[in-house]
Amino acid sequence: MPQSALKKHIKTLRQHRSRLEQVSVRELFDADNGRASRFSIEEDTLLFDYSKNRIDPDCMNELLALAKSADIENARIGLFTGDNANFTENRPALHTALRAKDKPEIFVNGEDIKPQINQMKLRLFEFSEIVRDGSYQLSGGPVRDVVNIGIGGSDLGPQMGVAALKPYHSGPRIHFVSNVDGADFHDKVTKLDPATTLFIIASKSFTTSETMANANLAKNWLTDKVPADDIGLHFIALSTNLEATAAFGIVKERTFGFWDWVGGRYSVWSAIGLSLMIAIGSKNYQQFLDGGRAADEHFQNCDMKENIPVLMALIGIWHRNVWGFPTHAILPYDNRLARFPAYLQQLDMESNGKHICSDGKLSKFATGPIIWGEPGTNGQHAFYQLLHQGTDIVPCDFLVAAKSHEKNQTQQRMLVANCFAQSKAMMLGRTLERVIGHLKRLDLSPQQIETLAPHKVFEGNRPSNTFLYQQLTPYVLGQLIAFYEHKIFVQGTIWGINSFDQWGVELGKQLANEIRPLLEEDNSGKPISTRGPSTNMLVKKFHQLSGNQK
Ligand code: F6P
């Protein structure tokens, strides 16, 4: 939306902030016994509770007015029907089509894309099933280990999904190599048998230097251990660049394509999900797609005030632009979602970490927050001190299942109790009077009480959302991811930025290519010019330390 319109809304919202600063969230609950249900939404087996944020109906109405001004209703139609959402790369962002029903058709360049999607999905499902049932034969027999080589969106989605859905695994073991650091490849493959290892080279562009370096390492690793004629069987390509996959030597039958209108960080729903399909099977993967579609339908059809991703986005704007909170923590009380914060880091920060608006002008408003997090309860014993008493306020998303997949639910109840306790503690805090009352009961001297009391005060009013779902199934995982995708889209629309490009990653890649030759052994001792004294010094020192220079 135009920044001038956003400015007006932010100004009004700041008045709401001044008003709400005078009242605690505890008081807001006391004054409204319908607050918990007013500020929560149920969808399928999932509850989204946003009542612990410092909001009230008036401020929510203003946030909803902002959504109206940003014309989110039309923007979402455009997204789903193939508008040129990613205008700097001149293409739509149609990841939602990958999980949509056959009708209505969606046209890109005059062609309905649904038949292509279905055809490719069928091939992927058939292939994943023959790998799982052992009928796909490598030089040493059925596939025992699958290694996905990819980075960013070609790694984080399938990797997170494979970890999240462990209870649904059967078939070969799945591993992920992403880092160009040779240690990653080494440590993952060291115990694998080359004769029964299948490499999936996942790269939208098939030019990403880290992925191509690791793919070549894989080729070398197989050479001499596998008959030369069989090496091809050990490689699968997932890409939009079919020329490059062929040039790498992967035949058409073992290449699964997708389309430039699927962004890398939105690609777990495409061929890039193959390792996840192999892990959980095509039926479960279909459930994952169905969950994503259910969230799409919710986003498309629900009124703004009952729309989970819209509300997530608006509360995010409230925190980022009205209160100035710089970061946002993702705290899954679900150990299998350990990679979910990292996944959302790319999804959110690569999408909305931008300072230029669609009109080419500098944004006057802060855009995407820093996303970070770790699973609970581990985080409680590491960084929650700062969440409760630090000088920065960190809005948090808690995610937790009512039921675990493990037989014994006792630990699950402990886990859930901790999750609910943390959001409650963040909200309520503990006043000085209460602390003093408590210390008095411990028979401490007035001097001791005076020294200790301030340290035990929690100011409270620390905001959070909670997602409570029945169980972490493929369907629920699909829903959660799609809700976050749409939240990011809504925020990008409000900030007036293109959430689907990523020009900010280019410069570092280019400079790495320039610096790389300077680090070669035979360049040691030669005059260095990186056009930067600090980098020159580092390159020189590198040669000394790596033993290249006597
Ligand atoms: O460098 C960023 C990026 O382009 C991401 O957007 C993408 O997910 C990742 O690199 C990997 O790209 P590719 O799938 O083309 O190898």
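Rules and cut-offs
Residues numbered from 1 in each chain as written. Predicted model: local features only at pLDDT ≥ 70, side-chain atom pairs only at ≥ 80, totals over all residues. Heavy atoms only, no water. Near = heavy atom within 4 Å. Polar contact = N/O pair within 3.5 Å; in protein donor to acceptor, adjacent residues only side chain to side chain. Areas by Shrake-Rupley, 256 points an atom, 1.4 Å probe, with all protein chains shown as cover. 1 Å grid on protein atoms, 1.4 Å probe; cavity = no way out; pocket = protein on both sides within 12 Å on 5 of 7 lines; lining within 4 Å. Sits in = over half its atoms within 2 Å of the grid points. Nonpolar A, V, L, I, M, F, W, Y, C, P; charged D, E, K, R; others polar. Salt bridge = Lys/Arg side-chain N within 4 Å of Asp/Glu carboxyl O. Helix = DSSP H or I, 4+ residues; strand = E, 2+ residues; numbered from the N terminus. Buried < 20%, exposed > 50% of the residue type's maximum accessible area, 1.4 Å probe, protein only. Pairing = 2+ DSSP bridges. Right-handed = clockwise from strand over helix to strand, strands pointing away. Domains from an automatic or database assignment. Contact = heavy atoms within 4.5 Å. Buried area = accessible area lost by both parts, 1.4 Å probe. Core = buried A, V, L, I, M, F, W, Y, C linked by side-chain atoms within 4.5 Å. Axes fitted to C-alpha atoms, helices over the stretch in contact; angles between N-to-C directions. Parallel < 35°, antiparallel > 145°, perpendicular 65-115°, else oblique. Left-handed = near helix turned anticlockwise from the far one by under 90°. Patch = residues over 30% accessible without salt bridge, like charges linked within 9 Å, V, L, I, M, F, W, Y side chains within 5 Å. Lys, Arg positive; Asp, Glu negative; His and termini not counted. Charge placed at Lys NZ, Arg CZ, Asp CG, Glu CD.

Engineer: I would appreciate a short explanation of the site of the ligand in the present structure.
Structural biologist: Surrounding the ligand, one finds 14 residues, the nearest of these being G153, S154, S203, S205 and T208. At 2.6 Å, a side-chain N or O of S154 approaches an oxygen atom of the ligand. T208 is positioned such that a nitrogen or oxygen atom in its side chain is 2.6 Å from an oxygen atom of the ligand. For the ligand, whose free accessible area comes to 400 Å², the fraction covered by protein is 86%. Taking a 2 Å distance to the grid points as the criterion, the majority of the atoms of the ligand fall inside the largest pocket. Classifying every residue of the shell around the ligand by side-chain character gives two nonpolar, nine polar and three charged.

Engineer: Explain the pattern of salt bridges to me, please; I cannot follow it from the model alone.
Structural biologist: Should the charged atoms of two oppositely charged side chains come close, the side chains can pair. Applying the stated rule across the entire model yields 20 salt bridges. Between R17 and E21 there is a salt bridge; the shortest N-O distance is 2.9 Å. With a closest N to O distance of 3.6 Å, K101 and E297 form a salt bridge. Placement of K101 in the loop between α5 (72-81) and β3 (107-108) and of E297 in helix α11 (residues 274-301) is noted, with a sequence separation of 196 residues between them.

Engineer: I'm lost on the pairing of strand β7 (residues 145-149) in this one. Help?
Structural biologist: Walk down a regular strand and you will see the side chains alternate between the two sheet faces. Buried residues dominate β7, accounting for five of its five residues. Of the two faces of β7, the one holding D145, V147 and I149 and the one holding V146 and N148 are both buried throughout. Pairing geometry for β7 and strand β8 (residues 173-177), over five bridges, is parallel. Bridge pairing links I149 to V177 in β8. After leaving β7, the chain enters helix α7 (residues 156-164) and then returns to the sheet as β8, a path that is right-handed. Of the pairings in the sheet, the one linking β7 to strand β9 (residues 197-202) comprises five bridges and is parallel in character. When the bridges of β9 are listed, D145 appears paired with T197.

Engineer: How should the domain arrangement of the protein be read in this particular structure?
Structural biologist: A common way to report how large an interface is uses the accessible area buried once the components associate. Its domain assignment divides the protein into domain 1 (3-90 + 288-428 + 462-501), domain 2 (113-280) and domain 3 (505-546). Centre-to-centre, using C-alpha coordinates, domain 1 lies 32 Å away from domain 2. Contact with domain 1, which involves 27 residues of that partner, is made by 19 residues of domain 2. Interface area for domain 1 against domain 2, summed over the two sides, is near 2,100 Å², with a carbon-plus-sulfur share of 69%. Of all residues in domain 1, the largest losses of buried area upon contact with domain 2 belong to R336, R339 and Y343, amounting jointly to 27% of the total for that side. Scanning the region where domain 1 abuts domain 2 turns up one salt bridge. Between R265 and E350 there is a salt bridge whose closest N-O contact spans 2.9 Å. Of the residues contributing to the side of domain 1 that touches domain 2, the split by class is 14 nonpolar, seven polar and six charged.

Engineer: Mind showing me how you'd approach the environment of Q412 here?
Structural biologist: In this structure, Q412 sits in helix α15 (residues 410-428). Sequence separation of Q412 and H355 is 57 residues, and the distance between their C-alpha atoms is 42 Å. Aside from chain neighbours lying at most four places away, what touches Q412 is A401, A402, K403 and S404. A polar contact of 2.7 Å, which involves the side chain of Q412, links it to the backbone oxygen of A401.

Engineer: What is the right way to look at α5 in this model?
Structural biologist: In an α-helix, one turn spans 3.6 residues; hence positions three or four apart end up facing the same way. Every buried residue belonging to α5 is among I72, R76, G78, L79 and F80, and all of these are buried. Turning to α5, the residues buried within the fold contact α4 (57-69), α11, α12 (308-322) and α18 (474-495). Once α5 finishes, G82 follows within two positions and takes phi at roughly 95°, a positive value.

Engineer: It is not clear to me how the side chain of K354 should be interpreted in this structure. Could you clarify?
Structural biologist: By the secondary structure assignment, K354 is in the loop between α13 (340-352) and β13 (370-372). A distance of 3.3 Å separates the side chain of K354 from the backbone oxygen of E350, its partner in a polar contact. Ignoring sequence-local partners within four residues, the contact set of K354 consists of R265, T367, I497, N498, S499, F500, D501 and Q502.

Engineer: Sorry if this is basic, but what is going on with the nonpolar core here?
Structural biologist: General note: in soluble globular proteins, nonpolar side chains tend to be found buried as a group. By size, the foremost hydrophobic cluster in this structure holds 114 residues, and its most contacted members are L274, F340, F467, Y469 and I494. With 12 residues, α18 is the largest single contributor of residues to this core. Residue-level mapping places this core at the junction of two domains, with at least three residues from each of domain 1 (3-90 + 288-428 + 462-501) and domain 2 (113-280). In contact with Y469, other than residues within four places in its own chain, are T45, L46, D334, L337, L399, V400, A401, A402, V476 and L480.

Engineer: Help me understand the packing of α7 against α13, please; the structure alone is not making it clear to me.
Structural biologist: Orientation of α7 relative to α13, taken along the N-to-C sense of each, is 155°, at an axis distance of 9 Å. One way to sum up the angle between α7 and α13 is to call them roughly antiparallel. Handedness of the α7/α13 crossing: left-handed. Note on element contacts: α13 touches α7 through F340, A342, Y343 and Q346, opposite L156, G157 and M160. Here the residues of the contact of α7 with α13 are counted per class, giving five nonpolar, two polar and no charged.

Engineer: Honestly, the sheet that holds strand β14 (residues 396-401) in this entry has me stumped. Any pointers?
Structural biologist: Sheets are built from strands that pair by backbone hydrogen bonding, the pairs being arranged parallel or antiparallel. Spatially, six strands are ordered β1-β2-β15-β14-β12-β13 in an open sheet, and the strand pairing comes out mixed. Looking at which strands have only one partner, the edges of the open sheet turn out to be β1 (40-43) and β13. Strand after strand, the sheet turns through a mean of 15° between neighbouring axes, direction not considered. Both strand β2 (residues 46-49) and strand β15 (residues 464-469) contribute to a ladder of four bridges, which runs antiparallel. Note on β15: the bridge partner recorded for L47 is L468. Its contacts with the sheet place α12 against β1, β2 and β15, and it is angled at close to 25° to β2. Most of the contacts of α15 go to β14, to which it runs at about 160°, and overall it touches β12 (327-333), β14 and β15.

Engineer: What am I meant to see in the side chain of T96 here?
Structural biologist: Its location among the elements puts T96 in the loop between α5 and β3. Non-local contacts of T96, meaning those with residues more than four positions away in its chain, are made with F80, D296 and H486.

Engineer: Help me understand a positive patch on the surface in this model?
Structural biologist: Taken together, the side chains of R26, K424, R430, R434 and R441 make up a positively charged region of the molecular surface. Mapping R430 onto the fold places it in the loop between α15 and α16 (432-441).

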